[in-house]
Amino acid sequence: MNSSDAAVKAENLCRTFGGRLAVDGLSLELNPGEVMGFLGTNGAGKTTTIKMLTGLDRPTSGTVTVFGGDPADPATRAKIGYMPEIAYYYPWLNARELLAFYGGMCGMDRRTVKSRSDELLETVGLADAAKRPLKTYSKGMLQRAGIAQALLADPPLLVLDEPFTGLDPLARIRFRELMRSLRERGKAIFFSSHELGETELLCDRVAIMKNGRCVYQGPVRDIAGDGCGNLERLFLKTLEDAK
Amino acid sequence: MKFFLRQTAALVKLSFLELWRRNDVFALVLLALALMAPLSMATPFGAAGASRCLDEVALLLVWAFSLFVSIGAGQRLFRPEFESRTVYPLFSKPVSRTRILAGKYLGALASAWSALALFYALFTGSALLRGTGFGAALPQAIALHAAFVALAVALSLLGSLVMSASANSTLCAIALAGMFFFGRRLPDFAAGAGGIVSWLVRAAYAIGPHAEFFDMRQRLVHGWGAIDPLAFAAVLAYAAAYTAALLCVAAAVLKRKRL
């Protein structure tokens, strides 16, 4: 597989803020049909990495490509569906208008946006609230609207920053099923999370960050073989060992 | 091309909806209606001079309201997006920052122009009810006012990228209202002042947005008729150049802005 086949390829990625290394020499690769969980404590560099993967920020050094393209290029960003960590959307719009706006930003025609919106609002369980202004939504509902906007243009790569935040148990189950069906359709999914149980259930591979450095990368199926038993124990052991 | 048009249309619609779904513009329209309706019915002493005075008051209201709407429309374009972080999903879409700026500017302009059209409809209606007509000067005055609004929205948009909403609206209001009322007196003031003050005033006159160029209130009120087409075209060209310069600076600032 050459580098352009990889959904995401980061090589020696670094980002500094005023002399402080937020991300330090991160290298990773994510292939189509793969789900990668990106774990770490607060301030470990997860969101900074995600910003570089989605073209929202530029690395200080190192390279990142998405399907072989630079994420700073709008044509490459057309292949990325991104959901930010905190789901703030325009409060004066309703969910349908929000999706129509983002559909327009993706260059989709009105008819396609309408049919995709209907389908996605149903999928994320917002069909009944589709005409309510977003300012009346709960945190979980906003999170679901965020998932819908990320999936709207049916991108081959999904980058989700803390997607489980605010979701109730039922919504989590539906979200997990949705992610699995997307993986079966060959989508690459990269998400950061603090929810270790959910991550273990969903991911093929995990990467663990500590103080900007990637201290573990490996398949989830190997976790039992690591003598840790589950992701939570692996996470704690990895952070402990990385001291 | 279709891709570009869809993106621009989405941004225009977003800015337009934002302005009209917030209550402050509706409050302004209602206030304008409440102030201009009595003006249309008033015939103080049955004198034409008094009627002109009412026209002057009504036009001043139109200018004040349009200034408020223009600054308000521009100042919301970027600062609130950065503060509320809606900028993240927006900038992650396949669209360049320059296109986002252009689309948002056009949307704010469309909403400010729609408010201006409403204010002039109220003004013209109230004047017609009193039996006042303005002839060819009125379309010219509206066109120049619309050009001023385009400039004011661009200035406020630039401000929304570099300062807080309150600082932006205060500075824009001072710059635009200051030039509107005192702009034409600045050269005399500079000549009278000495040393560094004179240079500062001259610099302010050279680079400031000349709001006074767009003001045709006296011509409308006193029935002096339309202005020379060449002067009219020159003022429109000044507005276009000034607006384009502001938008170019704003595009450069946005391109370098770190999220």
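Given the structure is predicted, the values throughout are model-derived calculations rather than measurements. (Residues numbered from 1 in each chain as written. Chains lettered and ligands numbered in written order. Predicted model: local features only at pLDDT ≥ 70, side-chain atom pairs only at ≥ 80, totals over all residues.)

The subject of this paragraph is the overall build of chain A. The helix and strand tally for chain A stands at eight helices and nine strands. Since a compact globule built from 243 residues should have a radius of gyration of about 18 Å, the 18 Å found for chain A is in line with a globular shape. Taken along its principal axes, the extent of the C-alpha atoms in chain A is 50 × 35 × 35 Å. In chain A, buried positions account for 48% of the 243 residues. Taking all contacts inside chain A whose residues are at least 6 apart in sequence as the whole, residues at least 24 apart take part in 67%. (Helix = DSSP H or I, 4+ residues; strand = E, 2+ residues; numbered from the N terminus. Rg over C-alpha atoms; globule rule 2.2 N^0.38 Å. Buried ≥ 20, exposed ≤ 12 C-beta atoms within 10 Å, placed from the backbone. Contact = placed C-beta atoms within 7 Å.)

Further remarks concern the sheet that holds strand β3 (residues 35-40) of chain A. Residues and elements named next belong to chain A. Across the sheet, which stays open at both edges, the six strands sit in the order β5-β6-β7-β3-β8-β9 with mixed pairing between neighbours. Both edges of this open sheet fall to β5 (80-83) and β9 (213-219), since each of them pairs with a single strand only. Taken pair by pair, the neighbouring strands of this sheet meet at an average axis angle of 15 degrees, ignoring direction. Bridge analysis of β3 against strand β7 (residues 188-192) gives four bridges, and the strand direction is parallel. Among the inter-strand pairings, V35 is bridged to a residue of β7, identified as I189. (Pairing = 2+ DSSP bridges. Axes fitted to C-alpha atoms, helices over the stretch in contact; angles between N-to-C directions.)

For the rest of this paragraph, the subject is the sheet that holds strand β2 (residues 20-30) of chain A. All names here are of chain A. Taken in spatial order, the three strands make up an open sheet running β2-β1-β4, and their pairing is antiparallel. Single-partner strands in this sheet number two, and they are β2 and β4 (61-66). This sheet shows a mean twist of 25 degrees between the axes of neighbouring strands, independent of strand direction.

Every contact between the two is made by 22 residues of chain B and, on the other side, 26 residues of chain A. Those elements that provide at least two residues to the side of chain B that touches chain A are α1 (2-21) and α5 (87-91) of chain B. Here the side of chain B that touches chain A gets nine residues from one element, more than from any other, and that element is α1(B). Of the residues assigned to the side of chain B that touches chain A, the class counts are 12 nonpolar, five polar and five charged. (Nonpolar A, V, L, I, M, F, W, Y, C, P; charged D, E, K, R; others polar.)

Attention now moves to unusual backbone geometry. All names here are of chain A. The phi angle at N12 is positive, at roughly 50 degrees, despite the residue not being glycine. If you trace the backbone, N12 turns up in strand β1 (residues 8-17). Judged by the 13 C-beta atoms lying within 10 Å of it, N12 falls in the partly exposed class.

What follows deals with the packing of helix α7 (residues 137-162) of chain B against helix α8 (residues 165-182) of chain B. When two helices pack together, their arrangement is given by the angle between the helix axes and by the axis-to-axis distance. All names here are of chain B. Following both chains from N to C, one finds α7 and α8 inclined at 145 degrees, their axes separated by 9 Å at the closest point. Read as a crossing pair, α7 and α8 show a hand that is right-handed. Contacts between α7 and α8 pair A152, L155, S156, G159 and S160 from the former with N168, L171, C172 and L176 from the latter. Of the residues belonging to the contact of α7 with α8, the class tally is five nonpolar, four polar and no charged. (Left-handed = near helix turned anticlockwise from the far one by under 90°.)

With that settled, consider the confidence of the model for chain B. Residue and element names in this part refer to chain B. The predicted model of chain B has a mean per-residue pLDDT of 87, with 95% of residues at 70 or higher. Looking over chain B, one finds the lowest element-wise mean pLDDT in helix α2 (residues 23-41), namely 74, and the highest in helix α12 (residues 229-256), namely 96. Scoring the predicted complex yields pTM 0.87 and, for the interface, ipTM 0.89. (pLDDT = per-residue confidence, 0-100.)

Across soluble globular proteins, nonpolar side chains have a tendency to be buried as a group. In this structure, A:V8, A:L98, A:A145, A:A148, A:F190, B:V153 and B:A154 are the most contacted members of the largest nonpolar core, which totals 143 residues. Among all residues touching A:L98, those that are not within four sequence positions of it are A:Y89, A:Y90, A:L93, A:L134, A:A145 and A:Q149. (Core = buried A, V, L, I, M, F, W, Y, C linked by C-beta atoms within 7 Å.)

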